[in-house]
Amino acid sequence: MQILIDKILKEGQVLQSNILKVDSFINHQMDIKLFNEIGKEFKRRFDNKEVTKILTIEASGIGIAVITSQYFNFAPVVFAKKTLGGNFSGEAYEAEVHSYTKKQTCIIKVNKNYIQPGDKVLIIDDFLANGQAALGLINVVRQAAAEVVGVGIVIEKGFQDGRNIIEKQGVQLESLAIIDRFENKKVVFR
Ligand code: 5GP
């Protein structure tokens, strides 16, 4: 997706630890015009799929998922909560997710009311690194006896294991920009 690639080249910053910082348009300030194009592109990639829910994970997936929902008949957006405190009520599906950026493991939770058996769920997230966030979300959908119709990722770091792990689940994975490597702090796309 060329406008996304151009934006990453212009504003992305490569940090020491193989992390791409995109705070100026995704992770802190959000570029809504770009998000809108991202939503349209997800629709194009999953055009043949019926989607009844969009599932993401707090916090950075939420904005992208909300804009994307318009292109899938305003399917409700559910975001998995990363529980740290006690601020969660009701019965929940849970999965353990190891965070690549924070180097810590958390339990993600989704209230059982919001994913129902038979739901057709499109999973959306900002980044794919080692696939742990997406895998946790797939796990939650399957616990609910719902169907994963696909995983849509904005930026995939193709040199990490994520694609392998998600494809092993038999799920369609679509990434809008795939990074091959970082070279002298510059992004090289596939
Ligand atoms: P994974 O679970 O695939 O290992 O990592 C994906 C999650 O970690 C995403 O939800 C994203 O928030 C975060 N993440 C992984 N790599 C990066 C990165 O290079 N830059 C940013 N901004 N977030 C990342």
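Structure: above.
Quick summary incoming for the structure in this document. (Residues numbered from 1 in each chain as written. Predicted model: local features only at pLDDT ≥ 70, side-chain atom pairs only at ≥ 80, totals over all residues. Heavy atoms only, no water.)

What the protein contains, in helices and strands, is six helices and ten strands. Whereas a compact globule of 190 residues would reach a radius of gyration of roughly 16 Å, the protein reaches 16 Å, a difference of no more than 12%. Overall, the C-alpha framework of the protein stretches about 45 × 35 × 30 Å when taken along its three principal axes. Considering the protein as a whole, with its 190 residues, one finds that 46% of them fall into the buried category. In the protein, 62% of the contacts between residues at least 6 apart in sequence involve partners at least 24 apart. In the structure as shown, the protein presents an accessible area of about 9,500 Å², 47% of it carried by carbon and sulfur atoms. Treating the 25 positive side-chain charges of the protein as one cloud and the 22 negative ones as another, the clouds have centres 2 Å apart. (Helix = DSSP H or I, 4+ residues; strand = E, 2+ residues; numbered from the N terminus. Rg over C-alpha atoms; globule rule 2.2 N^0.38 Å. Buried < 20%, exposed > 50% of the residue type's maximum accessible area, 1.4 Å probe, protein only. Contact = heavy atoms within 4.5 Å. Areas by Shrake-Rupley, 256 points an atom, 1.4 Å probe, with all protein chains shown as cover. Lys, Arg positive; Asp, Glu negative; His and termini not counted. Charge placed at Lys NZ, Arg CZ, Asp CG, Glu CD.)

Further remarks concern the sheet that holds strand S9 (residues 173-183). If you walk across this open sheet you meet the eight strands as S5-S6-S4-S3-S7-S8-S9-S10, and the pairing is mixed. Edge positions in the sheet fall to strand S5 (92-99) and strand S10 (186-189), since each has one partner strand and no second. The mean inter-strand angle of the sheet, taken between neighbouring strand axes irrespective of direction, is 30°. Along the sheet, helix H3 (residues 32-45) contacts strand S7 (120-128), strand S8 (147-157) and S9; its crossing angle with S9, the most-contacted strand, is approximately 115°. Packed on one face of the sheet, helix H4 (residues 60-69) meets strand S3 (53-57), strand S4 (77-83), S7 and S8 and runs near 165° to S3. (Pairing = 2+ DSSP bridges. Axes fitted to C-alpha atoms, helices over the stretch in contact; angles between N-to-C directions.)

Any empty space left between atoms is shown by rolling a water-sized probe over those atoms. In this structure, the largest pocket spans a volume of roughly 810 Å³. When residues of the lining of the largest pocket are traced back to their parent elements, those giving at least two are strand S2 (20-21), helix H2 (23-27), H4, S5, strand S6 (104-111), S7, helix H5 (132-143) and S8. Looking at which element gives the most residues to the lining of the largest pocket, the answer is S7, with four residues. Residue composition of the lining of the largest pocket, by class: 15 nonpolar, ten polar and eight charged. Computed from the structure, the second largest pocket encloses a volume of approximately 160 Å³. In this structure, the second largest pocket is lined by eleven residues; those nearest its centre are Phe 79, Lys 81, Phe 88, Asn 111 and Tyr 114. When contributions to the lining of the second largest pocket are tallied by element, the ones reaching two or more residues are S4 and S6. Counting residues per element, the lining of the second largest pocket draws most heavily on S4, at four residues. When grouped by side-chain class, the residues that make up the lining of the second largest pocket number six nonpolar, three polar and two charged. (1 Å grid on protein atoms, 1.4 Å probe; cavity = no way out; pocket = protein on both sides within 12 Å on 5 of 7 lines; lining within 4 Å. Points joined across faces, edges and corners; volume = space filled by probe spheres on them. Nonpolar A, V, L, I, M, F, W, Y, C, P; charged D, E, K, R; others polar.)

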